Amino acid sequence: MDFSLTPEQQAFRQTVRAWLRDNIPSEWKHVGSSEIPRVEAYELLREWQRRLYEAGFIGLTWPKEYGGHGLTFMEELIVHEEMALAKAPPILNVLGVGMAGPTIIAYGTEAQKKRYPSKILSCEEIWCQGYSEPNAGSDLASLQTRAVKDGEFWVINGQKVWTSFAQVADWMMLLARTDPNAPRHKGITYFLLDMKLPGVVVKPLRQITGEAEFNEVFFDSVRVHESEVLGGVNNGWQVGITTLMYERLTLGFGLQMRLRIALDSLIELARRMEKHGRVITKDPLWRQKLAQLWIDTECLRVTGARAITKLLRGEMPGAEASTGKMVWVETHQRLQELAMEIEGPYAQLWKGADRAVDGGVWQHSFLRSQANSIEGGTTEIQKNIIAERLLGLPKD
Amino acid sequence: MDFGFSQEQEMLRATARKFFENECPSTFVRARMEEPAGVTDQFWMKLAEQGWLGLIYAEEYGGSGLGFVDLTVLMEEMGRSVMPGPFFSTVLLGGLTILEAGSPAQKKEWLSRIAAGEAKAALAWTEPNARWDAAGVTVTARENKGAFVLSGTKLFVLDAHTADVVVVVARTAEGKSPEDGVGLFLVPKGAAGMTVKLLPTMDATRKLCEVSLTDVRVGADAVLGGKGGGWAPLARVIERATVALCAEMCGGAQKVLDMTSEYAKIRVAFGKPIGTYQGVKHKAADMLVEVENAKSLTYYAAWAVDENVPEAPLAVSMAKAYASDAYRKVSATGIQLHGGIGFTWEHDLHLYFKRAKSSEFTFGDATYHRERVAQLINL
Ligand SMILES: Cc1cc2nc3c(=O)[nH]c(=O)nc-3n(C[C@H](O)[C@H](O)[C@H](O)COP(=O)(O)OP(=O)(O)OC[C@H]3O[C@@H](n4cnc5c(N)ncnc54)[C@H](O)[C@@H]3O)c2cc1C
Ligand SMILES: Cc1cc2nc3c(=O)[nH]c(=O)nc-3n(C[C@H](O)[C@H](O)[C@H](O)COP(=O)(O)OP(=O)(O)OC[C@H]3O[C@@H](n4cnc5c(N)ncnc54)[C@H](O)[C@@H]3O)c2cc1C
């Protein structure tokens, strides 16, 4: 067991650190920012990701020929740790980098692998994920969006919902039913869908924060060329699911980074707020709560290290990798709840109120955190998966 | 970075698992619960033959010279079988204190005998005030013509009744801070003025004693390390022993999870195995999360104390805070998911449930360690 870095990795860490020190945009306000990209920051974040790409700090584990750097998860981890320390802005094209890219690299034709991944990394093309539908959320395999073959084209009709980034996305990872007569999991195909095709209509949905961050997407006889099928017709379930593990890891690094930034911000908040005349960090009860958050945050980091070790050794991550999402959600939601509790009556003030603490950022991130246990698979579903796959308990 | 066990360590785990399954089944544990010693000579000698009594001692003291991460593996397996007996007190408390603070002669004398299974040791540290800090040490050691006279009461002392030597923590002087003036003294079994009383305990696999010291005289050669500089080595011992305890707790919690998920697959209610119901399934998933998290923090702490990195004290407190809560919750949920059978004496679950409780309050519970974390992160 060894937690130390090689001299090369240490040098790499220094390089990343120095670069971040000089390059984080001065307009970026990190306070309370455990957030995912916010609409108002999209342009700044697009530029930020482009610079990260040019500096070579994104797509580290992807093969060189497809825009990556052919490095290991260790370097990837180092970059995320440094981004957390530097309170760097998040990555805008998070679904592209975390899901679309690795999936295309794993299943794509040579032409697809040449065409898409590098533009994902540079943020030239933003991706969204078209999985959920009004009648297919947790039970994704019941999705009904149809794709029917017409010559060289597939004609898509149907609807997706809760689609984050659809309003800015250039491409969509689309799951559609290509064989309605096959068993549920067998008749689905994974398409790479150009959002500018005629018949694609995006309607923003306003969410709990008041912003429109996710959308409805309608398909009215959208014609997708057959070359945009990824991983073979009727193989979409396989394609969509097998890369989830890697997705969980890379998205996991990002989540871990945001949690760390949020924790530091929370402790900083607790240091300057008082309750009943006592600074919060000096209150024994609050010290307990903050220490537990610290422990849980560190726990996610070391659990991640266990999972990465398995990958670096060429093994499949075990039980420790499956718990990450759930633990992250629980910790992050508790953190946001504590921010409200620290603010006390001030928690009621919203952006625009002069006296709102930190301009009201915590209110936003608190509300946003409610989705954490829904998006990317609900906590109930995560628990079913853990119980059935890892403990071998019987399915319903 | 490589945050996993080596092949040798995995082999040690496999060997230990088999050994304890054969040598320490619950019938053995239950028999030892009924007796004062908590161990048989035969079992103790087998531990010695495996090389486990000297696992972390240097070869010159008859040990195997392995590290704390290796020990973690062994402790997990011991926890898995709720192994009774004075292993912890001998190897990790008394023995480790001698290793940390003793002179070469003292180490030679005691560690090689411990490793060979010929001697057992204990550490008389805590007192009726139930404090874990230096201020809790009030037993006095008065210097008298080169000798020391020890007086006072030690409580919650593991296995003092079977120890050939008890390391007594006593105050030699009132210094500027409570950490100053703490001494460590080797008191042999049967020393005049030392009485050892075995106490009934909820967890009968752990034998706790009250040690009364009334003008116990020991010579200058009984002092471990500097006469008033015992706190620093003791703190290191406790840190290490705490990690070992956490590993034991992880092993126990994992076993409860295994028993419970197996039971949930075979116990039928309402026409289906109870593991089909989400009321059971989700609790089992929560148990797995607790166990895995406790392991992560424990392995990290084991690495940290092994390498003696600056963050070791923080890593240890994080692990103990987490493991204390986790083992308690996991063993309690295990009982609930077993229904009525989990409440019986006959079923083994209560052995784990009680071990979780005794472990929780050994070397500080979660609340104590969270406060330590708060201090160490400068809150
Ligand atoms: C902010 C946000 C962003 C999102 N972004 C995207 C996106 O970009 N792309 C995309 O495709 N989707 C996205 N989603 C959708 C998300 O994946 C789904 O909301 C999620 O999978 C749950 O589906 P559902 O909303 O239909 O809820 P349902 O599946 O109807 O679930 C309702 C409740 O029932 C529970 N439940 C359902 N089945 C079971 C079961 N078998 N056992 C126990 N409990 C069960 C659920 O846990 C939940 O509590 C996003 C969602 C949110 C909130
Ligand atoms: C101290 C004590 C005194 C008792 N006294 C009496 C008495 O005087 N008279 C008497 O008749 N009985 C008595 N009982 C028995 C008691 O009623 C049963 O233990 C209880 O009903 C549970 O049944 P079980 O033990 O068979 O567990 P099981 O029914 O096997 O349950 C095991 C686990 O599965 C869970 N489970 C089972 N079905 C479901 C489901 N559909 N959904 C979700 N979870 C489920 C349970 O909640 C439990 O966690 C006593 C029990 C105890 C512990």
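Residues numbered from 1 in each chain as written. Chains lettered and ligands numbered in written order. Predicted model: local features only at pLDDT ≥ 70, side-chain atom pairs only at ≥ 80, totals over all residues. Heavy atoms only, no water.

**A closer look at the pattern of salt bridges**
Residues and elements named next belong to chain A. Inspection of every chain in the model, using the stated rule, returns 56 salt bridges over all chains. Its salt-bridge partner being Asp 170, residue Lys 196 comes within 3.5 Å of it at the nearest N-O pair. Here Lys 196 is found in the loop between β5 (188-194) and β6 (200-205), whereas its partner Asp 170 is found in the loop between β3 (153-164) and β4 (171-177), with 26 residues between them in sequence. Residue class for Lys 196 comes out exposed when judged on its relative accessible area of 60%. Classification of Asp 170 as buried rests on a relative accessible area of 16%. The residue Arg 334 makes a salt bridge to Asp 296 at a minimum N-O spacing of 2.5 Å. Highlighted residues: Arg 334 in helix α11 (residues 324-343) and Asp 296 in helix α9 (residues 284-312), separated in sequence by 38 residues. A single salt-bridge network, built from bridges that share partners, covers Lys 87, Arg 260, Asp 264, Glu 298 and Arg 301. (Salt bridge = Lys/Arg side-chain N within 4 Å of Asp/Glu carboxyl O. Helix = DSSP H or I, 4+ residues; strand = E, 2+ residues; numbered from the N terminus. Buried < 20%, exposed > 50% of the residue type's maximum accessible area, 1.4 Å probe, protein only.)

**Here's the deal with the packing of helix α7 (residues 231-266) of chain B against helix α8 (residues 278-307) of chain B**
Residues and elements named next belong to chain B. Put simply, α7 and α8 touch, their axes get as near as 9 Å, and they point 160° apart. With respect to each other, α7 and α8 are oriented roughly antiparallel. In this structure, α7 crosses over α8, and the sense of that crossing is left-handed. Touching Arg 240, Val 243, Cys 246, Ala 247, Cys 250, Ala 253, Gln 254, Val 256, Leu 257, Thr 260 and Ala 264 of α7 are Val 280, Ala 284, Met 287, Leu 288, Val 291, Glu 292, Ala 294, Lys 295, Thr 298, Ala 301, Ala 302 and Val 305, all from α8. In the contact of α7 with α8, the residues fall into 17 nonpolar, three polar and three charged. (Axes fitted to C-alpha atoms, helices over the stretch in contact; angles between N-to-C directions. Parallel < 35°, antiparallel > 145°, perpendicular 65-115°, else oblique. Left-handed = near helix turned anticlockwise from the far one by under 90°. Contact = heavy atoms within 4.5 Å. Nonpolar A, V, L, I, M, F, W, Y, C, P; charged D, E, K, R; others polar.)

**As for the site of ligand 1**
Neighbouring residues of ligand 1: 19 residues in total, closest Gln129(A), Ser138(A), Trp162(A), Thr378(A) and Glu380(A). The local environment of ligand 1 is shared, drawing residues from chains A and B. For ligand 1, an oxygen atom lies 2.8 Å from a polar atom in the backbone of Ser132(A). Between Thr378(A) and ligand 1, the recorded distance is 2.6 Å, taken from a side-chain N or O atom to an oxygen atom. Listing elements by their share of the shell around ligand 1, those giving two or more residues are β3 and α13 (379-390) of chain A. Looking at which domains feed residues into the shell around ligand 1, each of domain 2 (127-234) and domain 3 (239-390) of chain A gives three or more. (Near = heavy atom within 4 Å. Polar contact = N/O pair within 3.5 Å; in protein donor to acceptor, adjacent residues only side chain to side chain. Domains from an automatic or database assignment.)

**So, the packing of α7(B) against helix α9 (residues 312-338) of chain B**
Residues and elements named next belong to chain B. Look at α7 against α9: their axes get within 9 Å of each other, and the N-to-C directions meet at 25°. Put simply, α7 runs roughly parallel to α9. Handedness of the α7/α9 crossing: left-handed. Counted together, Glu 239, Thr 242, Val 243, Leu 245, Cys 246, Met 249, Gly 252, Ala 253, Val 256, Met 259, Thr 260 and Tyr 263 of α7 and Pro 313, Val 316, Ala 319, Lys 320, Ala 323, Ser 324, Tyr 327, Val 330, Ser 331, Gly 334, Leu 337 and His 338 of α9 form the full contact between these two elements. Counted by class, the contact of α7 with α9 contains 15 nonpolar, seven polar and two charged residues.

**Examining the site of ligand 2**
Residue and element names in this part refer to chain B. Around ligand 2, the structure places Arg 267, Ala 269, Phe 270, Ile 274, Tyr 277, Val 280, Gln 336, Leu 337, Gly 339, Gly 340 and Phe 343. At a separation of 2.5 Å, an oxygen atom of ligand 2 approaches a polar side-chain atom of Arg 267. Measuring from an oxygen atom of ligand 2, one finds a backbone N or O atom of Gly 340 at 2.6 Å. Protein burial of ligand 2: of its 970 Å² of free accessible surface, 40% is covered by the chains. By residue class, the composition of the shell around ligand 2 is seven nonpolar, three polar and one charged. (Areas by Shrake-Rupley, 256 points an atom, 1.4 Å probe, with all protein chains shown as cover.)

**Side note on the side chain of Thr331(A)**
All names here are of chain A. Among the secondary structure elements, Thr 331 is positioned in helix α11. Of the residues examined, Thr 331 reaches a relative accessible area of 0% and is grouped as buried. In this structure the side chain of Thr 331 is engaged in a polar contact, spanning 2.7 Å, whose partner is the backbone oxygen of Val 327. If we skip the residues at most four places from it in the chain, Thr 331 touches Leu 259, Leu 293, Asp 296, Thr 297 and Leu 300.

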